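# Architecture at a glance
Each chain, written out:
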Amino acid sequence: MSIKLEQARAIVSAALEKGREMGLNPLTVAVLDAGGHLVSFGREDGSSTLRPQIATAKAATALALGLSSRAVAAMAADRPAFVASFGAIAPQGIVPAAGGLLVIGPDDTVIGAVGVTGDLSDNDEACALAGIAAAGLATKE
């Protein structure tokens with residue numbers, strides 16, 4: 001099973017709305033399916049030029065290692081060479097910073113991932129969580 005377009009669109013919409021509610025900088029949101037392919041994307045006016053790649057890489061980071069990008073950041077602190085080595089083999093990049101979360105389907109399997117960027121990483125993650133919840137889905141650390 002993989003994330004559906006309707007679910008991905010709901011995540012993007014709710015994540016952007018949460019950012020506006022919190023008064024954050026312009027956000028960019030990418031939702032990938034379980035295979036790492038882009039399903040839905042949103043970029044607010046005023047987002048800087050590299051934000052699409054960062055949002056996609058945060059989501060891809062979660063998929064690549066089966067952990068949130070926040071957990072990968074903690075891993076990078078303990079094993080920087082190990083995490084840095086992924087950059088050369090990860091086609092969408094690795095971004096070890098909060099804001100990339102796995103999306104879990106009703107049968108408790110990974111159906112995709114979301115990446116949010118544009119503000120402080122903790123705020124990005126809060127918006128990703130809001131998007132996932134609004135779509136009626138769950139995440140895991």
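Our subject is the structure listed above.
A brief look at the structure comes next. Given the structure is predicted, the values throughout are model-derived calculations rather than measurements. (Residues numbered from 1 in each chain as written. Predicted model: local features only at pLDDT ≥ 70, side-chain atom pairs only at ≥ 80, totals over all residues. Heavy atoms only, no water.)

### A look at the overall build of the chain
- Helix and strand counts for the chain come out as five helices and four strands.
- Its helices and strands in sequence order give the chain the pattern α-β-β-α-α-α-β-β-α, from N to C terminus.
- Here the C-alpha radius of gyration of the chain, 13 Å, is about what a compact globule of 141 residues would show, namely 14 Å.
- For the chain, the C-alpha atoms occupy an extent of roughly 35 × 35 × 20 Å along the three principal directions. (Helix = DSSP H or I, 4+ residues; strand = E, 2+ residues; numbered from the N terminus. Rg over C-alpha atoms; globule rule 2.2 N^0.38 Å.)

### Let's talk about the pairing of strand 4 (residues 110–117)
- With respect to burial, strand 4 is a largely interior element, seven of its eight residues being buried.
- Two elements, strand 1 (residues 28–33) and strand 4, share six bridges in a ladder whose sense is antiparallel. Counterpart to Val29 in the pairing with strand 4 is Val116.
- Here five bridges tie strand 3 (residues 100–104) to strand 4, and the two strands are oriented antiparallel to one another. Its bridge partner being in strand 4, Val103 is matched across the sheet by Gly112. (Buried < 20%, exposed > 50% of the residue type's maximum accessible area, 1.4 Å probe, protein only. Pairing = 2+ DSSP bridges.)

### Focus: helix 2 (residues 51–65)
- The end-to-end C-alpha distance of helix 2, which contains 15 residues, comes to 21 Å, matching closely the 21 Å that a straight helix rising 1.5 Å per residue would cover.
- Buried residues along helix 2 sit in contact with strand 1, helix 3 (69–78), strand 3, strand 4 and helix 5 (121–134).
- Just downstream of helix 2, Gly66 is the residue with a positive phi angle, here 70°. (Expected span 1.5 Å × (residues − 1). Contact = heavy atoms within 4.5 Å.)

### Comments concerning the packing of aromatic side chains
- Under the definition given, this model contains one aromatic pair.
- Relative to Phe86, the ring of Phe82 has its centre 4.9 Å away and its plane inclined at 70°; by these criteria the two rings are edge-to-face.
- With relative accessibility at 13%, the residue Phe86 sits in the buried group. (Phe/Tyr/Trp six-rings, centres within 6.5 Å; stacked < 30°, edge-to-face > 60°.)

### Digging into the sheet that holds strand 2 (residues 38–43)
- Read from one edge of the open sheet, four strands run 2-1-4-3, paired in antiparallel fashion. A strand with exactly one partner marks an edge of an open sheet, and here the two such strands are strand 2 and strand 3. Each neighbouring strand pair of the sheet contributes to a mean axis angle of 15°, computed without reference to strand direction. (Axes fitted to C-alpha atoms, helices over the stretch in contact; angles between N-to-C directions.)

### So, the environment of Ile111
- Relative to the elements of secondary structure, Ile111 occurs in strand 4.
- Along the sequence, Ile111 and Ile3 sit 108 residues apart, while their C-alpha atoms lie 5.0 Å from each other.
- In this view, Ile111 contacts Met1, Ser2, Ile3, Gln7, Leu32, Asp33, Ala34, Val103, Ile104, Gly105 and Leu137; residues no more than four positions away in its chain are not counted.

### Details of the nonpolar core
- One finds Ile11 and Val114 to be the most contacted residues of the largest nonpolar core, which totals 20 residues.
- Mapped onto this core, the elements with two or more residues apiece are helix 1 (5–22), strand 1, strand 3, strand 4 and helix 5.
- The leading source of residues in this core is helix 1, at five residues.
- Setting aside residues no more than four positions away along its own chain, Val114 makes contact with Ile11, Val29, Ala30, Val31, Ala59, Gly99, Gly100, Leu101, Val103, Ala128 and Ile132.
- Leu32, Ala60, Leu63 and Ala113 belong to the second-largest nonpolar core, a separate cluster that totals eight residues. (Core = buried A, V, L, I, M, F, W, Y, C linked by side-chain atoms within 4.5 Å.)

### Thoughts on the pattern of salt bridges
- Tallied over the entire structure, the rule returns five salt bridges.
- Glu17 is paired through a salt bridge with Arg20; the nearest N and O atoms lie 3.1 Å apart. On the criterion of helical spacing, the pair formed by Glu17 and Arg20 is a turn pair, its members being three residues apart in helix 1.
- By relative accessible area, which is 36% here, Glu17 ends up partly exposed.
- In this structure, Arg70 engages Asp122 in a salt bridge whose closest nitrogen and oxygen atoms are separated by 2.5 Å. Here Arg70, found in helix 3, pairs with Asp122, found in helix 5; they are 52 residues apart in sequence, far enough to count as distant.
- Three or more residues joined by partner-sharing salt bridges are found here, namely Glu17, Arg20 and Glu44. (Salt bridge = Lys/Arg side-chain N within 4 Å of Asp/Glu carboxyl O.)

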